[in-house]
Amino acid sequence: MKCTRCKAKAEVHLRAHNAGFCRPCYLEYFRRQVERAIARERMFTTEERLLVAVSGGKDSLALWDVLAELGYHTTGLYLGLGIGEYSDGSRAKVEAFAASRSLPLVVRSLSEEGPGLAVPDVATATRRAPCAACGAMKRHFFDAAAHEGDFDVLLTGHNLDDEAARLLGNVLRWQRDHLARQRPVLAPTHPKFVRKVKPLYLLSEYETAVYAFMRRIDYVVEECPNAEGATQLVYKDALNRLEAASPGTKLAFVKEFVRSAQPLFAERERDAPGDCQACGMPAYGALCSFCTLVREVEAKRARRAALAGLGV
Ligand code: SF4
Ligand SMILES: [Zn+2]
Ligand SMILES: [Zn+2]
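Residues numbered from 1 in each chain as written. Chains lettered and ligands numbered in written order. Predicted model: local features only at pLDDT ≥ 70, side-chain atom pairs only at ≥ 80, totals over all residues. Heavy atoms only, no water.

Enquirer: Got a minute to help me understand helix α11 (residues 289-309) in this structure?
Expert: Since one α-helical turn is 3.6 residues long, residues separated by three or four positions face the same way. Given a rise of 1.5 Å per residue, 21 residues ought to cover 30 Å, and the 30 Å separating the end C-alpha atoms of α11 matches this to within 8%. Within the sequence span of α11, burial applies to Phe-290, Cys-291, Leu-293, Val-294 and Val-297. An end-on view of α11 places all buried positions within 155 degrees of arc, on one side of the element. Contact partners of the buried residues in α11: α4 (119-126) and α5 (130-148). Once α11 ends, the next one or two residues include Gly-311, with phi positive near 75 degrees. (Helix = DSSP H or I, 4+ residues; strand = E, 2+ residues; numbered from the N terminus. Expected span 1.5 Å × (residues − 1). Buried < 20%, exposed > 50% of the residue type's maximum accessible area, 1.4 Å probe, protein only. Arc of directions from axis to C-beta. Contact = heavy atoms within 4.5 Å.)

Enquirer: Looking at this model, I keep getting lost on the coordination of the zinc ion (ligand 3). Mind explaining?
Expert: Put simply, the ideal angle at a metal is 109.5 degrees for four donors in tetrahedral geometry and 90 or 180 degrees for six donors in octahedral geometry. Protein coordination at the zinc ion (ligand 3) comes from Cys-276 (SG), Cys-279 (SG), Cys-288 (SG) and Cys-291 (SG), with a distance range of 2.3 Å. For the zinc ion (ligand 3), the 4 donor atoms in the first shell make angles of 107 to 113 degrees at the metal, so the coordination geometry reads as tetrahedral. Mapped onto the polypeptide sequence, the residues donating to the zinc ion (ligand 3) form the spacing pattern C-x2-C-x8-C-x2-C. Taken together, the residues span a long stretch of sequence, with Cys-276 in the loop between β9 (274-275) and β10 (282-283) and Cys-288 in the loop between β10 and α11 at a distance of 12 residues. Across the pair, exposure class does not vary: Cys-276 and Cys-288 are buried alike. (Donors = N, O, S within 2.8 Å, 3.2 Å for Na, K, Ca; no water. Tetrahedral: all angles 85-135°; square planar, octahedral: opposite > 155°, others 65-115°.)

Written out as structure tokens, the structure is:
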């Protein structure tokens, strides 16, 4: 196959777009796609300060790389989840990436926060699924870091496959509240929230992997051990089968949802949050979900310490 842009030998074939690209043209194509998403959805400007949540995986590092290349003011945010070797390895990749490009990086570690909040410990103490505990803590620390650092925008590397899987899950259960908030740009609904955006929402996992490979980005290849068996992977698998039978399905599913169906759900968005009585961050009840989680962990540890004191 020949490159769609310059007719040289193509290195990548994108069936969903019915196009092929040589290496330089692919990198150009990828950058243009990101730039277009930023412009079309009015995500941010070159004057704004961007906080990019980076996990060490290919998507978030590809996002940070492309934005830095395009001249945006970016800072990385890495949150150590305390998940054994996976967390140690991902932190090392993120730090090496930031150092090699002289990009500013903020590092926080859950095991050093509050009463010690490593994901496996919190999941055990609160009897929650690790991903539920992890999700609540990530949301809190991302929001808090963006607010404390006076950033204008918080960015995540969610790609088309992530968004399609999430959409399928939301549609299968008609989770209207979730559908109301599933869009590439979320405007802040509280003074301590910043705008949240997903510039890669129309680029597939394959496309970001190719970009990361061509740019020689050294990312963590292993998945988080808790990802195994996650429902999200079942949805991704189903979508991959649909995509193989009919290329472009995922793109149409997400793109058309955002364009025509999402605004109908957005009308029923819930009321703006109030302030958490404990930490002051946005909350829908007296406490935000993070502080609720921390209190559960503290209560559980106090009970255990009391029992240990009684020699039980
Ligand atoms: S798979 Fe679950 S525990 Fe692992 S990083 Fe993702 S949300 Fe967190
Ligand atoms: Zn070319
Ligand atoms: Zn709180």
